[in-house]
Amino acid sequence: MTKKKIMIPIMSIMLATSSMTAIPSLTSVNAAQAVKEAYTYQVETQEGKQYIVLTDYKGSEEKITIPDQINGIEVKSIQDGFGKNSKLKSITLSKNIASEKDTKRSLAGLNQITTLEEIQTVKDNAAYQSEDGILYTKDKKELVAYPKSKKSETYVMPSEVEKAGELSLANLKYLKNLTFSKKIKIIPECSNSSIENVIIPDQVKVIDESTFDTCKNLKKVTFGKNITTIGDGAFANCTALKTIKLPNNLKNIEEIAFVNTSLKSVIIPDSVVK
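Values in this document were obtained by computation on a predicted structure and should not be read as measured data.

Rules used in this analysis
- Residues numbered from 1 in each chain as written.
- Predicted model: local features only at pLDDT ≥ 70, side-chain atom pairs only at ≥ 80, totals over all residues.
- Heavy atoms only, no water.
- Pairing = 2+ DSSP bridges.
- Helix = DSSP H or I, 4+ residues; strand = E, 2+ residues; numbered from the N terminus.
- Phe/Tyr/Trp six-rings, centres within 6.5 Å; stacked < 30°, edge-to-face > 60°.
- Lys NZ or Arg CZ within 6 Å of the ring centre and 35° of its normal.
- Buried < 20%, exposed > 50% of the residue type's maximum accessible area, 1.4 Å probe, protein only.
- Contact = heavy atoms within 4.5 Å.
- Polar contact = N/O pair within 3.5 Å; in protein donor to acceptor, adjacent residues only side chain to side chain.
- pLDDT = per-residue confidence, 0-100.
- Salt bridge = Lys/Arg side-chain N within 4 Å of Asp/Glu carboxyl O.
- Axes fitted to C-alpha atoms, helices over the stretch in contact; angles between N-to-C directions.

## Notes on the sheet that holds strand β17 (residues 206–207)
Here's step 1: Reading across from one edge, β17-β19-β20 is the order of the three strands in this open sheet, with parallel pairing throughout. The two strands at the open ends of the sheet, each matched to only one other strand, are β17 and β20 (252–253).
Here's step 2: Of the strand pairs in this sheet, β17 and strand β19 (residues 229–230) are connected by two bridges, and their pairing is parallel. Residue pairing for β19: Ile-207 is matched across the bridge by Ile-230.

This is how it looks when you write it as structure tokens:
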């Protein structure tokens, strides 16, 4: 009893002190991660309102719907690494999953789940939409995630898309034919994918380093007319690439751009200076 009487005032002082300390925006208010059924998560706060970020999925199900809330707190985002070691094939995002602008977190981590075949969203999600199992922002201007094990051989990127998330088109197991939106300006990394044929639009000026590295099945590349630079190792280890027609406005071919391919002869345009 004596110990309890001593601790109560001390606890009261501690609680009073902590209540006077403002919680910074987007800081964890729960240092230790909690577990609810098959999910691990952490509670964060923004503008005084708490929300949950899922950090991992530990269950055995292949198809899940992200919960709207846990313990009365809305689930608003998913952290990188979520489900990375799972057997998930299908994920449906709930209505409360919020935009990167609102949570300062993207859903790019979904691109790390190698078994994923589809990503769906409920209709009343205000931030994202899904089409044919592929995840976009609600206005469709950004490709957020393309499931790594989606069993489709052809992807024609919707005309609205202006941007593709990091690694959204890398490590794809089944895709063979890839046509980018005419509005896209930067080609995302497509390395280690099964792509055989790719069409690059006129808006693109630079193919960054390692963009198509180790796309071992790549046989045909159609360049847009405004390509000026092909970066370091952009087509390195594309062992099936036997022929290529470089664009007439090309100026720079960086180091090892075509190393370890099957090219035997290449016509370099007069426009090339490096």
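## A look at the packing of aromatic side chains
Aromatic ring pairs are defined here through the distance separating the ring centres and the angle between the ring planes.
Here's step 1: Counted according to the given criterion, the structure contains six aromatic pairs.
Here's step 2: Joined through ring pairs, the aromatic side chains of Phe-212, Phe-223, Phe-235 and Phe-258 make up one cluster.
Here's step 3: Sitting above the plane of the Tyr-136 ring, Lys-140 keeps its charged end 5.8 Å from the centroid.

## Section: the environment of Ala-145
Here's step 1: Considering the arrangement of structural elements, one finds Ala-145 in strand β12 (residues 142–145).
Here's step 2: When its relative accessible area of 0% is taken as the criterion, Ala-145 is described as buried.
Here's step 3: Residues Ala-145 and Ile-119, spaced 26 residues apart in sequence, show a C-alpha to C-alpha distance of 8.1 Å.
Here's step 4: Apart from residues no more than four positions distant in its own chain, Ala-145 is found in contact with Leu-110, Asn-111, Ile-119, Ile-134 and Leu-135.

## Some points on the environment of Asn-260
Here's step 1: Relative to the helices and strands, Asn-260 is located in the segment after β20.
Here's step 2: On the basis of relative accessible area, Asn-260 is assigned to the partly exposed category, the value being 45%.
Here's step 3: Separated by 19 residues in sequence, Asn-260 and Leu-241 have C-alpha atoms that sit 9.4 Å apart.
Here's step 4: Sequence-distant contacts of Asn-260, defined by excluding residues within four places in its chain, comprise Asn-237, Cys-238 and Thr-239.
Here's step 5: In terms of polar contacts, Asn-260 uses its side chain to reach the side chain of Asn-237, at 2.9 Å.

## Notes on the confidence of the model for the protein
Here's step 1: Taken as a whole, the protein shows an average pLDDT of 88; of its residues, 87% reach a score of 70 or greater.
Here's step 2: Across residues 1–32, confidence stays below pLDDT 50; counting only partners more than four residues off in sequence or on other chains, it has 21 contacts.

## Describing unusual backbone geometry
Here's step 1: The phi angle at Asn-192 is positive, at roughly 60 degrees, despite the residue not being glycine.
Here's step 2: Mapping Asn-192 onto the fold places it in the loop between β15 (177–179) and β16 (197–199).
Here's step 3: Note on Asn-192: relative accessible area 45%, which makes it partly exposed.

## A word on the pairing of strand β7 (residues 73–78)
The side chains of a regular strand alternate, residue by residue, between the two faces of the sheet.
Here's step 1: Relative to β7, strand β4 (residues 49–57) runs parallel, the two sharing three bridges. Its bridge partner being in β7, Ile-52 is matched across the sheet by Val-75.
Here's step 2: Between the antiparallel neighbours strand β6 (residues 69–70) and β7 lie two residues, among them Asn-71 with a positive phi of about 55 degrees.

## Structural notes on the pattern of salt bridges
Oppositely charged side chains can form a pair if their charged atoms are brought close together.
Here's step 1: A complete count under the given rule lists eight salt bridges for this structure.
Here's step 2: Put simply, Lys-58 and Asp-56 hold a salt bridge, and the shortest N to O gap is 3.1 Å.
Here's step 3: For Lys-58, a relative accessible area of 60% translates into the label exposed.
Here's step 4: The partner of Lys-274 in a salt bridge is Glu-254, and the shortest N-O contact between them spans 3.0 Å. Separated by 20 residues along the polypeptide, Lys-274 in the segment after β20 and Glu-254 in the segment after β20 bring together distant segments of the chain.
Here's step 5: Residue Glu-254 is classed as partly exposed on the basis of its relative accessible area of 21%.

## Considering the sheet that holds strand β5 (residues 63–65)
Here's step 1: Across the sheet, three strands lie side by side as β5-β8-β9; this open sheet has parallel pairing. Looking along the sheet, the strands with just one partner apiece sit at the ends: β5 and β9 (118–121). Here the average twist between neighbouring strands, direction ignored, is 15 degrees.
Here's step 2: Relative to strand β8 (residues 90–93), β5 runs parallel, the two being bridged by three bridges. Residue Lys-63 lies in a different strand from β8, and its bridge partner there is Ser-90.

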